[in-house]
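An overview of the molecular structure
Chain by chain, the residues run as shown.
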Amino acid sequence: MGGKTVLGAEITRVWAILIHLQRLFTGQASCGHVNRLLFRQSTQGGWECPIQWCWASLPWSFPLRVMEQNIEVGVVGAGTMGQGIAQIAATAGHSVVLVDRDESALKRAMANLDRIFKRLVEKGRLDAVESGRILGRIRTATDLAACAQSGLVIEAVVEDEAVKQDLFAALESVVSGDAVLASNTSSLSITRLAAGLHSPHRLIGLHFFNPAPLLPLVEVVPALQTKDGLVEEMATLMRDWGKQPAVAKDTPGFIVNRVARPFYGEAIRLYEEGVADIATIDWAMTELGGFRMGPFELMDLIGNDINYAVTESVWKAFHHDPRYTPSFSQKRNVDAGWLGRKSGRGWHVHAAGVKRAEPWRDKDLGQDILWRILVMLINEAADAVFWGVASPEDVDRAMKGGVNYPKGLLKWAEEVGVDRCVETLDGLKARYGEERYRCSPLLRQCAKEQRGFFR
């Protein structure tokens, strides 16, 4: 296994070198880029070129071809996310085929993309010629057979396991044996999706965040069956696309949808306890905490039905762990049809002409609200590292790049004091007697050893 991993890493470096050499000759890269890739420090001292020894060890043919710069990218699903992924891939220089069974959805998608690129031209971010070139790289189709030449196909269809499994089974009969299949799922098991394939080693999770062209994060999630080296190859490809990859283990919620649960759940808990009203909690998190949106405002934007469903799915997947218990208050909003902005009412009223309730701007109260929600977020982030879901670096990268948190949670913990986090969580658990507030073993260990998360 170790030899395969090393060889896979070296093959990835060789491909990267070849791609950068091509860019060098076309004026798209500097000599420095190539030099940094071409030479590395030898374990015996001095410098060596990986091509020299790696070439003799290469297999007869590469099993997958995602590192080719000119691969065609297939995107299945022409909704908001599918459009965004198509835009990213085309902007990075790939030919893209956008597939959807609904012809009208494809027409809407292309019309939306046309409007987006016109705005980019108007703002001076692109010239008209380049805008035309990018749009010209995207073609549409209603039949999956259009993906026959695609080296990478990313699905962005409805979040339903059976639908995705059927789609991948159909794609496998269409694409070549060396094509990579990727799922944009935010919560389904990549391993279960891969299990239905004849070649499960070719499947991987690539979870983009909405709006995909603007938010930099992509969670790269391997299945248990994913071939050695594919994670590194896809992470490199995502960087080439201008994204920030974070590698996550195939566990419920991956990084962001797991770690972010207390942002909503603890805010609702504070409201249900009568600590503060909705407007005040939102104010504390935005004005004092620096978050882009307050938890209730964000739930209304996401949709209470969607947010509740994600919380419920994570709770069930973790065998009803009290940390993720869904809220009765949010369920009642869903039952009433108070879904948020899309229905005109959620936690807030969004009807035209209705004035928002004013928060109680008490800074002491606001700091208490901020700290209680923040310490729960920090605890969840620490637990994700403890269970090997992701590295400390990838956890912090994910929360900043995927949901626009003002700081990485683990860096934030180091700033406020890990021992203070442990003391607060122990106090909450003693007060309520609930496992919801149990302290992460890693957080407690860091406090005991008086160290942070980043060594």
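Structural data are supplied above this passage.
Right, let's walk through the structure included here.

Attention now goes to the pairing of strand S6 (residues 150-155). Counting buried positions along S6 yields six of six residues, so the element is predominantly enclosed. The pairing of S6 with strand S7 (residues 180-183) spans four bridges and is parallel. Bridge pairing links Glu155 to Ser183 in S7. Each parallel crossover has a hand, and the one from S6 via helix H7 (residues 161-172) to S7 is right-handed.

Right, let's talk about the pairing of strand S9 (residues 217-222) for a bit. Taken across its six residues, S9 has five buried, putting it largely inside the fold. With five bridges joining them, strand S8 (residues 203-208) and S9 adopt antiparallel strand pairing. Bridge assignment links Gly205 to a residue of S9, and that residue is Val221. Here S9 pairs with strand S10 (residues 244-247) via four bridges, running parallel. Opposite Glu219, over in S10, you have Ala246 as the bridge partner. In this fold, the crossover linking S9 to S10 by way of helix H9 (residues 230-240) has right-handed handedness.

Position of Asp282 relative to the elements: it lies in helix H12 (residues 278-288). Buried within the structure, Asp282 lacks any salt-bridge partner; its nearest side chain of opposite charge belongs to Arg356, at an N-O separation of 5.6 Å. In terms of polar contacts, Asp282 uses its side chain to reach the backbone amide nitrogen of Phe296, at 2.9 Å. Those residues in contact with Asp282 that sit more than four places away from it in its chain are Gly294, Pro295, Phe296, Glu297 and His348.

So, about the nonpolar core. Leu171, Ile255, Phe263, Ile373, Leu409, Leu443 and Phe453 are the most contacted members of the largest nonpolar core, which totals 83 residues. At 14 residues, helix H16 (residues 363-386) tops the list of elements feeding residues into this core. Counting contributing residues per domain, this core is built from domain 2 (72-247) and domain 3 (258-448), each supplying no fewer than three. Ignoring sequence-local partners within four residues, the contact set of Leu171 consists of Val76, Leu144, Cys147, Val153 and Leu181. Ranked by size, the runner-up nonpolar core spans 38 residues in total, among them Ile154, Leu206, Leu230 and Met238.

Moving on, we come to the side chain of His348. Among the structural elements, His348 can be located in the loop between helix H15 (328-336) and H16. Exposure remark for His348: the relative accessible area of 8% places this residue in the buried category. A polar atom in the side chain of His348 sits 2.8 Å from the side chain of Asp282. In contact with His348, other than residues within four places in its own chain, are Ile278, Asp282, Phe296, Glu297, Asp300 and Arg356.

We now examine a positive patch on the surface. Taken together, the side chains of Arg115, Arg119, Lys123 and Arg125 make up a positively charged region of the molecular surface. As for its placement among the helices and strands, Arg119 is situated in helix H5 (residues 103-122). Classification of Arg119 as partly exposed rests on a relative accessible area of 43%.

About the criteria used
- Residues numbered from 1 in each chain as written.
- Predicted model: local features only at pLDDT ≥ 70, side-chain atom pairs only at ≥ 80, totals over all residues.
- Heavy atoms only, no water.
- Buried < 20%, exposed > 50% of the residue type's maximum accessible area, 1.4 Å probe, protein only.
- Helix = DSSP H or I, 4+ residues; strand = E, 2+ residues; numbered from the N terminus.
- Pairing = 2+ DSSP bridges.
- Right-handed = clockwise from strand over helix to strand, strands pointing away.
- Lys, Arg positive; Asp, Glu negative; His and termini not counted.
- Salt bridge = Lys/Arg side-chain N within 4 Å of Asp/Glu carboxyl O.
- Polar contact = N/O pair within 3.5 Å; in protein donor to acceptor, adjacent residues only side chain to side chain.
- Contact = heavy atoms within 4.5 Å.
- Core = buried A, V, L, I, M, F, W, Y, C linked by side-chain atoms within 4.5 Å.
- Domains from an automatic or database assignment.
- Patch = residues over 30% accessible without salt bridge, like charges linked within 9 Å, V, L, I, M, F, W, Y side chains within 5 Å.
- Areas by Shrake-Rupley, 256 points an atom, 1.4 Å probe, with all protein chains shown as cover.
- Charge placed at Lys NZ, Arg CZ, Asp CG, Glu CD.

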